[in-house]
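Observations on chain architecture
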Protein chains: 4
Amino acid sequence: MTNQQVIFENNRVYSDLALDAHSLAVEQTGGEVQGVSVQEEQLENALITRIEVMNEQGAKAIGKPIGKYITIESDGLKGQNRMVHDQLSEIFAGELASLANLENIRPHPNLEPTIFIVGLGNWNATPDALGPQVLNHLMVTRHLYQEAPPELRKGLRPVCALSPGVLGLTGVQTAEIIKGVVEMVQPNLIIAIDALSARSTARLANTIQISNTGIAPGSGLGKNRMAINQETMNIPVIAIGVPTVVHAITIVNDAMEELLKGNIFSPAERERFRHIDEAEKKRTIGNILGPYMGSLVVSPKGVDELILDLGRIIAGGINVALHPDITPDNLSLYL
Amino acid sequence: MTNQQVIFENNRVYSDLALDAHSLAVEQTGGEVQGVSVQEEQLENALITRIEVMNEQGAKAIGKPIGKYITIESDGLKGQNRMVHDQLSEIFAGELASLANLENIRPHPNLEPTIFIVGLGNWNATPDALGPQVLNHLMVTRHLYQEAPPELRKGLRPVCALSPGVLGLTGVQTAEIIKGVVEMVQPNLIIAIDALSARSTARLANTIQISNTGIAPGSGLGKNRMAINQETMNIPVIAIGVPTVVHAITIVNDAMEELLKGNIFSPAERERFRHIDEAEKKRTIGNILGPYMGSLVVSPKGVDELILDLGRIIAGGINVALHPDITPDNLSLYL
Amino acid sequence: MTNQQVIFENNRVYSDLALDAHSLAVEQTGGEVQGVSVQEEQLENALITRIEVMNEQGAKAIGKPIGKYITIESDGLKGQNRMVHDQLSEIFAGELASLANLENIRPHPNLEPTIFIVGLGNWNATPDALGPQVLNHLMVTRHLYQEAPPELRKGLRPVCALSPGVLGLTGVQTAEIIKGVVEMVQPNLIIAIDALSARSTARLANTIQISNTGIAPGSGLGKNRMAINQETMNIPVIAIGVPTVVHAITIVNDAMEELLKGNIFSPAERERFRHIDEAEKKRTIGNILGPYMGSLVVSPKGVDELILDLGRIIAGGINVALHPDITPDNLSLYL
Amino acid sequence: MTNQQVIFENNRVYSDLALDAHSLAVEQTGGEVQGVSVQEEQLENALITRIEVMNEQGAKAIGKPIGKYITIESDGLKGQNRMVHDQLSEIFAGELASLANLENIRPHPNLEPTIFIVGLGNWNATPDALGPQVLNHLMVTRHLYQEAPPELRKGLRPVCALSPGVLGLTGVQTAEIIKGVVEMVQPNLIIAIDALSARSTARLANTIQISNTGIAPGSGLGKNRMAINQETMNIPVIAIGVPTVVHAITIVNDAMEELLKGNIFSPAERERFRHIDEAEKKRTIGNILGPYMGSLVVSPKGVDELILDLGRIIAGGINVALHPDITPDNLSLYL
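Residues numbered from 1 in each chain as written. Chains lettered and ligands numbered in written order. Predicted model: local features only at pLDDT ≥ 70, side-chain atom pairs only at ≥ 80, totals over all residues. Heavy atoms only, no water.

Here we come to the overall build of chain A. Scanning chain A from terminus to terminus reveals 13 helices and 11 strands. For chain A, the residues scored as buried account for 61% of the 335 residues in total. Long-range pairs, those at least 24 residues apart, make up 72% of the contacts in chain A between residues at least 6 apart in sequence. Approximately 13400 Å² of chain A is accessible, and the part contributed by carbon and sulfur atoms is 48%. (Helix = DSSP H or I, 4+ residues; strand = E, 2+ residues; numbered from the N terminus. Buried < 20%, exposed > 50% of the residue type's maximum accessible area, 1.4 Å probe, protein only. Contact = heavy atoms within 4.5 Å. Areas by Shrake-Rupley, 256 points an atom, 1.4 Å probe, with all protein chains shown as cover.)

What follows covers the pairing of strand β11 (residues 296-300) of chain C. Residue and element names in this part refer to chain C. Taking burial as the measure, the five residues of β11 include five buried ones, the bulk of the element. Two elements, strand β10 (residues 237-247) and β11, share two bridges in a ladder whose sense is antiparallel. If you follow H247 over to β11, its bridge partner there is V297. (Pairing = 2+ DSSP bridges.)

On to the environment of T141 of chain A. Residues and elements named next belong to chain A. Mapping T141 onto the fold places it in the loop between α4 (130-136) and α5 (142-147). Distance from T141 to K301, taken between C-alpha atoms, is 35 Å for residues 160 residues apart in sequence. The contacts of T141, once residues within four sequence positions are left out, are L156, R157, P158, V159 and H323.

Taking 1.5 Å per residue as the helical rise, helix α3 (residues 82-100) of chain B with its 19 residues ought to reach 27 Å, and the 26 Å between its terminal C-alpha atoms agrees with that figure. With a side-chain oxygen positioned 2.8 Å from the backbone nitrogen of M83 of chain B, the residue opening α3 of chain B is N81 of chain B. (Expected span 1.5 Å × (residues − 1). Polar contact = N/O pair within 3.5 Å; in protein donor to acceptor, adjacent residues only side chain to side chain.)

Residues and elements named next belong to chain C. With respect to the helices, strands and loops of the structure, N319 is situated in helix α13 (residues 303-322). The exposure class assigned to N319 is buried, which follows from its relative accessible area of 1%. Within the local environment of N319, its side chain forms a polar contact with the backbone nitrogen of M139, the two atoms lying 3.1 Å apart.

Here the focus is the pairing of β10 of chain C. All names here are of chain C. Within β10, 11 of the 11 residues are buried, which leaves the element mostly enclosed by the surrounding structure. Of the strand pairs in this sheet, strand β8 (residues 189-197) and β10 are connected by eight bridges, and their pairing is parallel. Within β10, the residue paired with I190 across the bridge is V237. When strand β9 (residues 207-211) meets β10, the two strands line up antiparallel, connected through three bridges. Looking across to β10, one finds that S211 is bridged to A239.

Residues and elements named next belong to chain C. Relative to each other, helix α3 (residues 82-100) and α13 sit at 45°, their axes nearing to 8 Å. By the angle between their directions, the pair α3 and α13 is classed as oblique. Once α3 is placed against α13, the crossing between them reads as right-handed. Facing α3, whose interface residues are H85, L88, S89, F92, A93, L96 and A97, α13 presents D309, R312, I313, I314, G316, G317, I318, V320 and A321. (Axes fitted to C-alpha atoms, helices over the stretch in contact; angles between N-to-C directions. Parallel < 35°, antiparallel > 145°, perpendicular 65-115°, else oblique. Left-handed = near helix turned anticlockwise from the far one by under 90°.)

All names here are of chain A. Applying the stated criterion across every chain yields a total of 46 salt bridges over all chains. Here E73 ties to R203 by a salt bridge, and the two come within 3.0 Å at their closest N and O atoms. Of the two residues, E73 sits in strand β5 (residues 67-73) while R203 sits in the loop between β8 (189-198) and β9 (207-211), which places them 130 residues apart along the sequence. The exposure class assigned to R203 is buried, which follows from its relative accessible area of 12%. (Salt bridge = Lys/Arg side-chain N within 4 Å of Asp/Glu carboxyl O.)

You can see T170 of chain B is positioned in helix α7 (residues 167-170). Beyond its immediate sequence surroundings of up to four residues, T170 of chain B is in contact with P164, G165 and I177 of chain B together with V140, C160, A161 and L162 of chain C.

Let us now look at the environment of N81 of chain B. Mapping N81 of chain B onto the fold places it in the loop between β5 (67-73) and α3. Here the side chain of N81 of chain B touches M83 of chain B through a polar contact of 2.8 Å, landing on its backbone nitrogen.

What follows concerns unusual backbone geometry. Of note, A205 of chain B is a non-glycine position whose phi angle comes to about 55°, a positive value. Tracing the backbone shows A205 of chain B in the loop between β8 (189-197) and β9 (207-211). For N234 of chain C, which is not glycine, the phi dihedral falls at a positive 65°. Its location among the elements puts N234 of chain C in the loop between α9 (230-233) and β10. Overall, N234 of chain C belongs to the exposed group, its relative accessible area being 57%.

This brings us to the environment of L24 of chain A. Relative to the helices and strands, L24 of chain A is located in helix α1 (residues 18-29). Taking the C-alpha atoms as reference points, L24 of chain A and A216 of chain A, separated by 192 residues in sequence, lie 20 Å from one another.

Further remarks concern the confidence of the model for chain A. Detailed reading of the predicted coordinates is not advisable wherever pLDDT falls low. All names here are of chain A. When the pLDDT values of chain A are averaged, the result is 84; 83% of them are 70 or greater. Per-element confidence in chain A is highest for strand β6 (residues 115-119), whose mean pLDDT is 98, and lowest for strand β1 (residues 8-9), whose mean pLDDT is 44. Taken together, the stretch residues 1-12 has pLDDT below 50 and engages in 44 contacts with residues farther than four places along the chain or on a different chain. Note on residues 218-222: pLDDT is under 50 here. Beyond four places in sequence and across chains, it has five contacts. For this predicted complex, the interface confidence reaches an ipTM of 0.88, while the overall pTM sits at 0.85. (pLDDT = per-residue confidence, 0-100.)

And the structure:
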């Protein structure tokens, strides 16, 4: 999860979701964003949005690296209907499979690619425990695959997994741990799952983002953290994220903005507010949130159960996407 | 924890702490609050405030029942220094003992009073799990006491304990469960521990409140919940609480208030805002927080560890306060 | 769970299961046991055995109170096939419904009976946490039912639930806590779930026992513990149990017995062993198990996951058995 | 934890403890074991035994690699007296520091050595969770050390930590994960903590073993698992272990042995038993333990709490041993 002291970048509230970053850019430019393509597909229980950042211009416009970003939005994620959960697992599996393109990353025509699943985040902090939770429901097969005779390997692919913890728990940058394991295991693809921070509470636990750009923790924040992406790992990296918290700072900022949208103030007053000093704005937020400020997060009361459900949905989708013999019909056998 | 849909009462933000309720009243009346006495004691690591609501006038003025409210404020509660934790356990034990007045509630001159400790809250929701956590570190002795020969009972008092869960988990009002056990066990005192919601983030995990007025869940909220107090239980009830969350609604409200304190708006504009319709204010907050609204809570990232530490501090204090043979010097043996 | 210091009763190893107690009796008498009827039904994935202890003669013969005992045996309980789990939930639901006979315990022709589910056991000790685990997956509806208009109550019955803990955690006898709640809530049926100790490791997590005789903890052990049954609670009590541990003492005893079955010793030697002093036998066991002895339990390595699965299976079956609108087809929605 | 299908090696029950292996060898040879030196030190609350396997002859005699093995035996480990726990932390710290010899492994005269703590074992299986538990209480400092100015580094050493999980959870051999991290982080010492299986229940949670020979999982068992030692990691490896389970197989074997020690059988009969076929013995054990056999473990009922306490004691000792500014007097500040 973005562990940012300051959530503002260039006078703009930050979001881990390309979807929100794109919406903000549209709002600011008042129209189409150059260098970014967007395609939507509305299903019964979910809206899929496929965004592609095609070039540097697009990357700059929305503040996200060149690559593909797929979001699946559904209120079913936070509902408790297990049948809808299974449907969302399938939809997610389909998008993940198309992005992973496993047929094309075989190390040898006769060999299945090895996939390394990384569950990022802190298992001691509920809303940040999504990655470790997914690993609890994952089919880990690499050790079985290695010992099985070839005829029994059909229908499975070698999958290994690790929850590397967070810097405060290990004293080692997460990317370094992953890099070390990658060099020993020599996988062909990394899939990293992480809890995200959202731009607004409406996003909480209602969106899964899949991207092929990896994870670049806190890039805008002056922290020199190693990224987890194709460049650093030398293999493709798919990142999967779900927003599970909103920073309290974001909420307060929203409160201010919303206040000015109503009919309390005249247009002239609002205009004045829109141009007040950024420093004054931050000082005000500091007064409200006090010393804890940067570490305050907003989450729904039932977040513990939400994380369990999300972990099952995502693990189920990964299991289906990676193992050819797992189909929607027998998916529930593998959860 | 107050499970309120709406946190406002009479156009005023609600706080579980008498200390904050009193401060608000002072702010509003601009001076002393009639019917309420306040006494402060500054120690090295903590500030003790002893508030007494002496009559109905005082009760009405601060919105709290007649009775005594002691708060111990210390940043040491959320620090990680175990020696300071031990000191705070002792300070808390002293205040608890003076309020409990165990010598005076003996059922018989030769019999020690039986104390029933109730750990309120939901063990599945971290910030609400304070009560159940305390019970993990409590010396439970009633069953040993009953079987011990008289000469071995010295230095201990019979203590029993229960975490009754919350209505959503049990289908039974918490007070009903407690009442049922009270009628079977016939204790002479109830001590109930609960996580509280705070008025501001500065309060999070820095205050312990002890009161002899019991717990009246959601009294102002139209919900007909049975209270846990002398009136319903027929024995004295001491309530112990620590603020562990702030409702997101409170934060947003604060944001608005703070905004108007700055020099962005003219005095006339601020005055206008102060008199806007309450409905308009709520609508604005609703826009910001979205459908989750009432269930959104703000807590610090390390809340899981905070709750563990607070559980130990409070349990330690209760152990010292209740058992004559436990002293500050051997306290650590019983934690 | 039977917390017995000594597992032997009348020179006979004790089992919580009527099925095993009956088998032992058959073995000893060498034929039919008077006063006990037994009926078996073999299904695809499970063997159902319905034992009825019909009179005092039968009760004495197998050491279990008069009443009905149904056991469902299936290796599927400890497998990881979720479809088989769902089947076992249904089978279990059917047997539970027939024993509970809910139509006949209505408090009034127009009123559904209130059912009180009790999750016995210690949540801090994995193999003993079955009862509390079941409650995590139960549909608790009493509070909703009370507030719902009559037309919305159809298809649900009012269910409430409590995990009362164990004597060492609360200082109160479990039956006293339950009795207190029963007097407040006035339910029409108690269903109590408990982890059992088994006679042999083959039984571990492969049997569910349902009985209408309630629970009489440690009756033969000199401990004066209040039972949880129709007599003490004044309403019917159904007990549900699954063996999750074997006492180490049992294992050692088995080892000795088995040793004597082999061809190592001559018939004469075996006969001699069979008649050695019981005290000598216990001394030998004490030498092997050392001071921990009575508290040593044997459980399979994956017991944590087993308890989770068993909790879901049993909760699912209870949900189906109690609520008319839950059917095998939509069962998964309620798990 | 040794995950062995078969616990017997060369017709001898296996123990992870050098102390027990040595005792067995003494028993068998009837006197001193060549190539092994043993020194005992009796303290108030603990017995320290320092065993050195000096050459191949000694290694063969007791079945342990050449190197040093220190055991600290104390019933205080499983008691609940926190003061005794602190004393044991100190004793353990002293032995660990003398074995680690940190002054001699500096990478450069002006640089403190980096220490990598590995918490082996499965966090989902209570008795095997010792390693991960220790990490919960460890001072992890490497990331702080790197960013601190030189004058603030005094008194601390850079410590990093990882719980790599087990093969069944990750699909990767534990030693491979560690090796990968070692190559990235370049530490100067590994300290690996693991739960051990004991030879008898009397050992459960009453012994800490420290050795400089690393960990060679299942070497005698035909499994080709990579060891974690100086040879594989190219840096010194210290292993810390506490027995937390006894395999059920061991218990049954003990039962048989004990049976023959009593006065039930004549010396001639016993002698005959001692020479029965090993296969017959295994078959008998199989009959007793059934299909679960190899995975059945015996542990005391309160094992969950034991593991928590042991985790704190060991973490406290490591903190004192590694950081010069942590002394027995301020130790409690760092726990």
